[in-house]
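Spelled out from the first residue to the last, the chains are:
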Amino acid sequence: LMQETMAPATTFLALCTTEEATSGDGSGGWSETRPEPPPTAPPLPTATPPVTGTLAPITHTEAPPELIPDSEAEIFVLSLNEGEGRYGGRTSAEDYVAILRDHYTIDVWSTALRGSPSIVDFMDYDLIIWTGGDYEDAFGEVERQLLFVAMLNGTPVILSGAYIGEGEDASVQRDIQANDTSHPIARSFEQGQVIAFIPALPGLEYEIEVLEEISSQDGEVIFVRGPESEQSGAPSICVVDEKEAGIRAAYIGFPLFLLPEEAKTDLVIDTVRWMLETAP
């Protein structure tokens, strides 16, 4: 640290925290300039950031083109966290943010802190993610009406959580199995591959609502419940792509945080990439 002072007389102050200063007219304790090490890439996120109740954009524009084709897209993540969770009390909004924040502009809305959004709050986004995690009452009548309007508007939507359907048929789920890897959202998986959920705490099981069969001719079942789950073979991840109506939706029928990190990251990136590639 060097500092010049002008009063009461012109003097210099030199400080060095690593070497002793020499007396006389020498260079003192300043060592020769050392070459700086080459910059290293930032580490991948290992911890999920907290989700706040404010709309806080997280913008990065240097997305790898081979990974994310459209880094200009803006995504609205709706954290449906009002009430109490069944196991863990998480919506997985923080998981979506951690995976996508380096590639897109992400805005997060918490219903526990701000209530339900209005239509004008999210209609200008390229993709809307509705995530209820393990909150049993995440999708109320208001949320379903807003979702319906968003889909009619042609905005791609992702719904994820243990209770995203309208039925009452819930049973224990422990894994998922790839059912149709020809679809782009399963491009990172092998046909028939089984992915076990993270282990539950002792005495706890993941009770999850069973998704209904896709009735639309434009719907596909991409993943089913795995062999270790109750009602094995029932739909677990489905997509709807009605091109004439402009409706694109992905239904992830379990809390995203139950997947191991690699599978969770691959699923989110593949799903988001497909939705933005097919957006009008």
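We now turn to the structure provided with this report. (Residues numbered from 1 in each chain as written. Predicted model: local features only at pLDDT ≥ 70, side-chain atom pairs only at ≥ 80, totals over all residues. Heavy atoms only, no water.)

### Some points on helix H3 (residues 141-152)
- For H3, with 12 residues, the first-to-last C-alpha span of 17 Å sits near the 16 Å given by 1.5 Å per residue.
- Of the positions making up H3, those classed as buried are Glu143, Leu146, Leu147, Ala150 and Met151. Down the axis of H3, the sector holding all buried residues measures 135 degrees, keeping them to one side. For H3, exposure combined with an orientation more than 90 degrees from the buried face picks out Glu141, Phe148 and Leu152.
- Those residues of H3 hidden inside the fold are in contact with strand S5 (127-133), strand S6 (157-161) and strand S13 (247-252).
- Looking at the residues trailing H3, positive phi occurs at Gly154, about 90 degrees. (Helix = DSSP H or I, 4+ residues; strand = E, 2+ residues; numbered from the N terminus. Expected span 1.5 Å × (residues − 1). Buried < 20%, exposed > 50% of the residue type's maximum accessible area, 1.4 Å probe, protein only. Arc of directions from axis to C-beta. Contact = heavy atoms within 4.5 Å.)

### Section: the packing of aromatic side chains
- Enumeration over the complete set of coordinates arrives at eight aromatic pairs.
- Consider the rings of Phe76 and Phe122, whose centres lie 5.8 Å apart with planes at 50 degrees: the pair is tilted. With a gap of 46 residues between them, Phe76 in strand S3 (residues 74-79) and Phe122 in the loop between helix H2 (111-114) and S5 connect regions that are remote in the sequence.
- Assessed through its relative accessible area of 0%, Phe122 is described here as buried.
- Their ring planes at 90 degrees and their centres at 5.3 Å tell us that Phe189 and Phe223 sit as a pair that is edge-to-face. On the criterion of sequence distance, the pair formed by Phe189 in the loop between strand S8 (175-178) and strand S9 (194-196) and Phe223 in strand S11 (residues 219-225) is long-range, its members being 34 residues apart.
- Taking relative accessible area as the criterion, Phe223 reaches 1% and is therefore assigned buried.
- Pairwise contacts between aromatic rings join Phe76, Trp109, Phe122, Tyr125 and Trp130 into one cluster.
- The lysine or arginine in question, Arg114, covers the ring of Trp109, its NZ or CZ lying 3.8 Å from the ring centre. (Phe/Tyr/Trp six-rings, centres within 6.5 Å; stacked < 30°, edge-to-face > 60°. Lys NZ or Arg CZ within 6 Å of the ring centre and 35° of its normal.)

### Side note on the pattern of salt bridges
- Taken as a whole and judged by the stated rule, the model has 11 salt bridges.
- For Lys243, the salt bridge goes to Asp241, with nearest N and O atoms at 2.9 Å.
- For Asp241, a relative accessible area of 13% puts it in the buried group.
- Linking Arg273 and Asp270 is a salt bridge whose minimum nitrogen-to-oxygen distance equals 3.5 Å. Here Arg273 pairs with Asp270, and both are found in helix H4 (residues 261-277), just three residues apart, close to one helical turn. Residues Arg273 and Asp270 agree in their burial class; the two are buried.
- Taken together, the shared-partner salt bridges in this structure form one network comprising Arg90, Glu94, Asp95, Glu261 and Lys264. (Salt bridge = Lys/Arg side-chain N within 4 Å of Asp/Glu carboxyl O.)

### Looking at H4
- The first and last C-alpha atoms of H4 sit 24 Å apart over 17 residues, in line with the 24 Å expected at 1.5 Å per residue.
- Of all the 17 residues making up H4, 12 are buried; the element is thus mostly covered by neighbouring parts of the structure.
- Within H4 the residues assigned to the buried category are Ala263, Lys264, Leu267, Val268, Ile269, Asp270, Thr271, Val272, Arg273, Trp274, Met275 and Leu276.

### A look at the pairing of S5
- For S5, the tally of buried residues reaches seven of seven residues, placing the bulk of the element in the interior.
- When S3 meets S5, the two strands line up parallel, connected through five bridges. Across the sheet, residue Phe76 finds its bridge partner in S5, namely Ile128. (Pairing = 2+ DSSP bridges.)

### Description of unusual backbone geometry
- Positive phi outside glycine occurs at Ser92, with the angle close to 80 degrees.
- Although it is not a glycine, Gln231 sits at a positive phi angle of roughly 55 degrees.
- The exposure class assigned to Gln231 is partly exposed, which follows from its relative accessible area of 35%.

### Here we look at the nonpolar core
- Judged by nonpolar contacts, the single largest core of 45 residues is most densely connected at Ile75, Leu100, Ile158, Phe223 and Val272.
- For this core, the leading source of residues is H4, giving eight residues.
- The residues contacting Ile75, other than those within four sequence positions of it, are Leu100, Tyr104, Thr105, Ile106, Asp107, Tyr125, Leu127, Ile129 and Val272.
- Among the nonpolar cores identified, the runner-up in size contains 25 residues, and Tyr125, Ile128, Phe139 and Leu159 belong to it. (Core = buried A, V, L, I, M, F, W, Y, C linked by side-chain atoms within 4.5 Å.)

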